[in-house]
Amino acid sequence: MREAHPLEAAVGIDYYVSDAAGIGGRLRESPEHFRVEEIETVDPEPLSADPGAYPHVLLRATLREWDTNDFAGALSDRLGISRERIDWAGTKDKYAVTTQLFTVRKGDPDALAAVDLPETDIEILGRTGRGLQFGDLAGNRFEITVTGANRTDTIESITDDLRSFGGDRVGVPNVFGQQRFGSRRAITHEVGLAIVRREWEQAVRTYVGNPSERERERTRTARATVEDSWERREWQRALEAMPAYLGYERAMLQRLAELDGDEPADFRSALTALPSNLQRLLVNAAQSYAFNRICSERLRRGLPFDEPIEGDVICFADSDAPPDPALPDTSRTQSVTERRVETARRHVERGRAFVTAPLVGTDTEFGAGEPAEIARDVLDDLELEPADFDLPGEFESSGTRRAILVRTDLEVSGDPPTFSFALPKGAYATVLLREYMKAPPDDLA
């Protein structure tokens, strides 16, 4: 193992699995160098189906350089409807060419067909009885080109290392990538941790203030004004300093200006000015950070990822999902006792089960033995316990479990090299690419 970049360690990723030297380079020289296509699972009814029974219009959008939330906002503006009527299955990278599904509740097919947004191609597919929910996909296919690589002669040895780690396929720890926490300002987990600790004012201040040297100058200046205005509660001054492109920060400051922003409930209300999915994302980021640290500690102790040990909790494969990529069904778990170790290992080896670690929430059970010890030590260090996730509104989380290993078939071709692979939903392409590049996170952003 090699130690990770310090910016990765700040989000709980402490190591590279492969010892081989990286190829260097950077991602997203152009959006076309980072292509993502959802592996779809939705089978819609025809557009002519009864809109009373099937009120959601399903569309497939191919987007170039669009943030998913921004596209939903622009689409709702063009349609003259609430953004809350638009749903999607997965959030995609902005600096990419992405193909993904959306549903529009009580959407007008003619109005959708007439939408003309830059760098978009919209295909109307039919109707569904409910809107898309986060996770309504099997996974994503990627074609990613690395430009400016310093050397490519180590690709084969890196692949060998990753196959050794993952078994018969390329495998990496299924950690959450840098973009989960903010590529330029990795603070979403810090906001989430403050929320879980019910430090509402600290959560808002971390989000809207807290300037970073890695942001553009105008953004840093605005955040510095927020910090300068904070103790005197000069919310209007802070709001006026905030540029229009920081819409979420402006929404929170506007709420504080309306409420005087001097009570814990005011700061909690300011956080609810965010879209509901982003409210959930903040707490999810705190859970993700803890999960990354659990995986890093498992690596440090030399425990396997491709087979269970006594005290692990495995989950079984989703029998209703496509076989490739295989999907974990985290509703079907089993604790690995001493008596069950060999049986559990056979299930994992045959792709019927996955070793998991907790995304901690109110219902989390830790298992036993060394895996449970690792999880508890991480939570103790963060001064958290499962009951802390019993929170109001969108911030509440019962928790779940997540596979600790992700595996794939990989093809590398061309010069500069293009990496083609598929990953199950929830897995990050950059977590695989970082092993090959071993470059600073900014070059993967």
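What counts as what
Residues numbered from 1 in each chain as written. Predicted model: local features only at pLDDT ≥ 70, side-chain atom pairs only at ≥ 80, totals over all residues. Heavy atoms only, no water. Axes fitted to C-alpha atoms, helices over the stretch in contact; angles between N-to-C directions. Helix = DSSP H or I, 4+ residues; strand = E, 2+ residues; numbered from the N terminus. Parallel < 35°, antiparallel > 145°, perpendicular 65-115°, else oblique. Left-handed = near helix turned anticlockwise from the far one by under 90°. Contact = heavy atoms within 4.5 Å. Nonpolar A, V, L, I, M, F, W, Y, C, P; charged D, E, K, R; others polar. Core = buried A, V, L, I, M, F, W, Y, C linked by side-chain atoms within 4.5 Å. Buried < 20%, exposed > 50% of the residue type's maximum accessible area, 1.4 Å probe, protein only. Arc of directions from axis to C-beta. Phe/Tyr/Trp six-rings, centres within 6.5 Å; stacked < 30°, edge-to-face > 60°. Lys NZ or Arg CZ within 6 Å of the ring centre and 35° of its normal.

## Notes on the packing of helix H6 (residues 200–208) against helix H10 (residues 264–271)
Their axes nearest at 8 Å, the elements H6 and H10 cross at an angle of 45°. Between H6 and H10, the angle is such that the two are oblique. The two elements H6 and H10 meet at a crossing, and its hand is left-handed. Counted together, Trp-200, Glu-201, Ala-203 and Val-204 of H6 and Pro-264, Phe-267, Arg-268, Ala-270 and Leu-271 of H10 form the full contact between these two elements. Split by residue class, the contact of H6 with H10 holds seven nonpolar, no polar and two charged.

## Observations regarding the nonpolar core
Grouped burial of nonpolar side chains is what soluble globular proteins tend to show. Ranked by size, the top nonpolar core spans 101 residues in total, and within it Ile-195 and Phe-421 carry the most contacts. The dominant element in this core, judged by the number of residues it contributes, is helix H11 (residues 276–300), at eleven residues. Beyond its immediate stretch of four places on either side in the chain, Ile-195 contacts Trp-200, Ala-203, Leu-271, Leu-282, Val-283, Leu-391 and Phe-395. Counting 17 residues, the second largest nonpolar core, distinct from the first, contains Ala-61, Leu-63, Ile-86 and Trp-88.

## Description of H10
Of the positions making up H10, those classed as buried are Asp-266, Phe-267, Ala-270 and Leu-271. The buried residues of H10 occupy an angular sector of 145° when projected down its axis, which confines them to one face. Structural note: H10 exposes Pro-264 and Ala-265 on the side pointing more than 90 degrees away from its buried face. Looking at the buried side of H10, the elements it contacts are helix H5 (188–196), H6, helix H7 (217–230), helix H8 (235–241), helix H9 (247–259) and H11.

## What to know about the packing of aromatic side chains
Tallied over the full model, the rule gives 13 aromatic pairs. Aromatic pair Trp-66 and Phe-71: ring centres 5.8 Å apart, planes at 80°, arrangement edge-to-face. The class for Trp-66 is buried, based on a relative accessible area of 15%. Taken together, the ring pairs connect Trp-66, Phe-71, Trp-88 and Phe-102 into an aromatic cluster. If you follow Arg-268 out to its NZ or CZ, it ends over the ring of Trp-200, 5.8 Å from the centre.

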